[in-house]
Amino acid sequence: MKQKRALITGLTGQDGSYLAELLLDKGYKVYGMVRRSSLERFDRIKHLLDRIHLVQGDLTDQSSLDEAVKRTQPDEVYNLAAQSFVPTSWNQPVLTGEVTGLGVTRMLEAVRRYKRDAKFYQASSSEMFGKVHQSPQNEQTSFYPRSPYGVAKVHGHMITVNYRESYRLFACSGILFNHESPRRGLEFVTRKITYGVAKIKLGLAKELRLGNLSARRDWGFAGDYVEAMWLMLQQDRPDDYVIATGESHSVQDVVNKAFTAAELDPKAYVVVDQALFRPAEVENLIGDASKARRVLGWHPRTSFGELIDTMVKADLHYLGNLSSPLPSTIVGEEGDMPSDSSHP
Ligand code: NAP
Ligand code: F7E
């Protein structure tokens, strides 16, 4: 049988790395799009570099996307690239619209022009539900995004539906709720907490500054969620699916779980910082993934407790094994953000 080819945008991100592992295990030839930077950021994929094929491209540059699709002739395209951090979308709303919104149109155009029969996956987000109209949220729930990121994702979602209907592309959207892992970026709240807990435990920090502790999310494990992406493209017809655990927890729950895992008392270390609150908050998300369970046979395998425990252990292991002192910190919009990064 002919070896299947997949093109992944966002290869260097959390999901890109897990998806590349999954597709390689399934025998795919994997092409990954990376953008030029002054320093290569391959921490999450360095263990895969001899098995994947890198193509240079950027979602803001149509010609590079055209060339990538023309050259690789993929059977499946997974569009995971995005400006994905919600707070940055208020600081850089136009860039977020260009990459996270219009970037999807550009990628669909490249597929339509150069590999029309490729199956296309779009990384849609529960942030599209925003100020929710119903709970739990499913594929029929209306959108009310609360950030420039959420607005851009609605564009990406609807243009994917539109290309399916206009050109009969096999185009699917996965509406994924928050999913985390030891490879999660340090600025997202779960990893900020588990990394912060590990630093405190090892005597490298004295406090952890956080914003809104009462916000609630439906958190799952990224490794489970990339399997759902692949399953969507193996069906007979293209469709959209909510992917979630069906459980919601508060940021305070993550704090309690992570500090307990390290045998620490959060009250002694957590500082609530008003500067970390968002201009418009998404208060409570919880997903109903019953369609994915019924049609794809997908279900999450990792519990909330296992996820946070694993992340704390991985950060303790990583920081405990650092041979040199931590690099100096930079102050970004998230406040005390370490400039070092670890992707176990
Ligand atoms: P991530 O870790 O932030 O990775 C984002 C990826 O996009 C990185 O590889 C980044 O490359 C790339 N990228 C950014 N701007 C680009 C551009 N202009 N051109 C090409 N590539 C660009 O995100 P993730 O957590 O893996 O999420 C994957 C996708 O799912 C994203 O679209 C995200 O919005 C969406 N999503 C995520 C979640 C979640 O909970 N994780 C939930 C729902 C939807 P660099 O490494 O060069 O920066
Ligand atoms: O925030 C609250 C914050 O940044 C979660 C992205 O992958 O999932 C992610 O978006 C909650 C928010 O993720 C801090 O106010 C409190 O309510 O981890 P987060 P997010 O905004 O939900 C969706 C599905 C995506 O699509 C996105 O790409 O936690 N929170 N204190 C904090 N959040 C951060 N980052 N830092 C804090 O100190």
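Below is a summary of the structure that appears in this document. All of these numbers come straight from a predicted model, not from anything done at the bench. (Residues numbered from 1 in each chain as written. Chains lettered and ligands numbered in written order. Predicted model: local features only at pLDDT ≥ 70, side-chain atom pairs only at ≥ 80, totals over all residues. Heavy atoms only, no water.)

Here we come to the nonpolar core. Counting residues in hydrophobic clusters, the biggest one holds 47 residues, and the most contacted among them are I8, L19, L23, Y78, Y121, I243 and W298. Listed by contribution, the elements that provide at least two residues to this core are β1 (5-9), α1 (14-25), β2 (29-34), β5 (119-125), β6 (170-176), α7 (222-232), β11 (240-243) and α9 (290-296). A per-element tally of this core places α7 first, with eight residues. Excluding residues within four positions of it along the chain, Y121 makes contact with V77, Y78, N79, L80, C172, S173, G174, L176, M229, M232 and L233. Core analysis: the next-biggest nonpolar cluster, separate from the first, contains 22 residues, A68, V104, A118 and F120 among them. (Core = buried A, V, L, I, M, F, W, Y, C linked by side-chain atoms within 4.5 Å. Buried < 20%, exposed > 50% of the residue type's maximum accessible area, 1.4 Å probe, protein only. Helix = DSSP H or I, 4+ residues; strand = E, 2+ residues; numbered from the N terminus. Contact = heavy atoms within 4.5 Å.)

What follows is about the site of ligand 1. As a structural note, the neighbourhood of ligand 1 is formed by 24 residues, with T12, D15, R35, S84 and Y149 the closest of them. At 2.8 Å from an oxygen atom of ligand 1 is found a main-chain nitrogen or oxygen belonging to D15. R41 has a polar side-chain atom sitting 3.4 Å from an oxygen atom of ligand 1. In isolation ligand 1 exposes 910 Å². Once the protein is present, 89% of that is buried. Sorting the residues of the shell around ligand 1 by element identifies α1, β5 and α5 (148-167) as the ones contributing at least two each. (Near = heavy atom within 4 Å. Polar contact = N/O pair within 3.5 Å; in protein donor to acceptor, adjacent residues only side chain to side chain. Areas by Shrake-Rupley, 256 points an atom, 1.4 Å probe, with all protein chains shown as cover.)

Within this structure, the stated rule accounts for 20 salt bridges. A salt bridge links E109 to R113; the shortest N-O distance between them is 3.2 Å. Placement of both E109 and R113 in helix α4 (residues 93-114) is noted, with a separation of four residues, approximately one turn of the helix. What makes E109 buried here is its relative accessible area of 11%. On the basis of relative accessible area, R113 is assigned to the partly exposed category, the value being 42%. Two residues, D239 and R237, come together in a salt bridge whose shortest N-O distance is 3.2 Å. (Salt bridge = Lys/Arg side-chain N within 4 Å of Asp/Glu carboxyl O.)

Right, let's talk about the sheet that holds β11 for a bit. Paired through backbone hydrogen bonds, the strands of a sheet run either parallel or antiparallel to each other. Taken in spatial order, the seven strands of this open sheet run β3-β2-β1-β4-β5-β6-β11, and their pairing is parallel. Taken across any chain shown, the strands that pair with only one partner, and hence form the sheet edges, are β3 (53-56) and β11. Neighbour-to-neighbour, the strand axes of the sheet open up by a mean angle of 20°, direction not taken into account. Bridge count for β1 against β2 is five bridges, and the pairing is parallel. Considered in β2, the bridge of R5 is made with K29. Lying over the sheet, α5 contacts β5, β6 and β11, oriented at roughly 155° with respect to β5. On top of the sheet, α7 reaches β4 (76-79), β5, β6 and β11; it is set at about 155° to β6, its chief contact. (Pairing = 2+ DSSP bridges. Axes fitted to C-alpha atoms, helices over the stretch in contact; angles between N-to-C directions.)

This part takes up α5. Every α-helix winds through 3.6 residues per turn, so residues three or four apart in the chain are directed the same way. The terminal C-alpha atoms of α5, which comprises 20 residues, lie 28 Å apart, in line with the 28 Å expected from a rise of 1.5 Å per residue. Buried residues along α5 sit against α3 (86-91), α4, β5, β6 and β11. Downstream of α5 by one or two residues, R168 has phi in the positive range, about 60°. (Expected span 1.5 Å × (residues − 1).)

Next up on the list: the site of ligand 2. Around ligand 2 sit 23 residues in total, of which S84, S125, Y149, R278 and E281 are the nearest. Between ligand 2 and G211, the relevant distance is 2.8 Å, taken from a nitrogen atom to a main-chain nitrogen or oxygen of the residue. Between ligand 2 and the protein, one listed contact pairs an oxygen atom with a side-chain N or O atom of R217 at 2.8 Å. Residues that form the shell around ligand 2 fall into these classes: nine nonpolar, six polar and eight charged. (Nonpolar A, V, L, I, M, F, W, Y, C, P; charged D, E, K, R; others polar.)

It is worth spelling out the packing of aromatic side chains at this point. If you walk through the whole model with that rule in mind, you get nine aromatic pairs. Centre to centre, the rings of Y78 and Y121 are 6.1 Å apart; their planes meet at 40°, and the pair counts as tilted. Of this pair, Y78 sits in strand β4 while Y121 is found in strand β5, placing the two residues 43 residues apart along the sequence. Take Y78 and Y121: they sit in the same class, and that class is buried. Between Y225 and W298 the ring centres are 5.4 Å apart and the planes differ by 90°, which places this aromatic pair in the edge-to-face class. Placement of the pair is Y225 in helix α7 and W298 in the loop between α9 and α10 (304-320), with a sequence separation of 73 residues. In this pair, the class of Y225 matches that of W298, namely buried. One aromatic cluster is present, built from ring pairs that chain together F129, F143 and F177. When the ring centre of Y167 is taken as reference, the NZ or CZ atom of R112 above it lies at 4.7 Å. A cation over a ring is seen here: K291 above Y241, with NZ or CZ 4.9 Å from the ring centre. (Phe/Tyr/Trp six-rings, centres within 6.5 Å; stacked < 30°, edge-to-face > 60°. Lys NZ or Arg CZ within 6 Å of the ring centre and 35° of its normal.)

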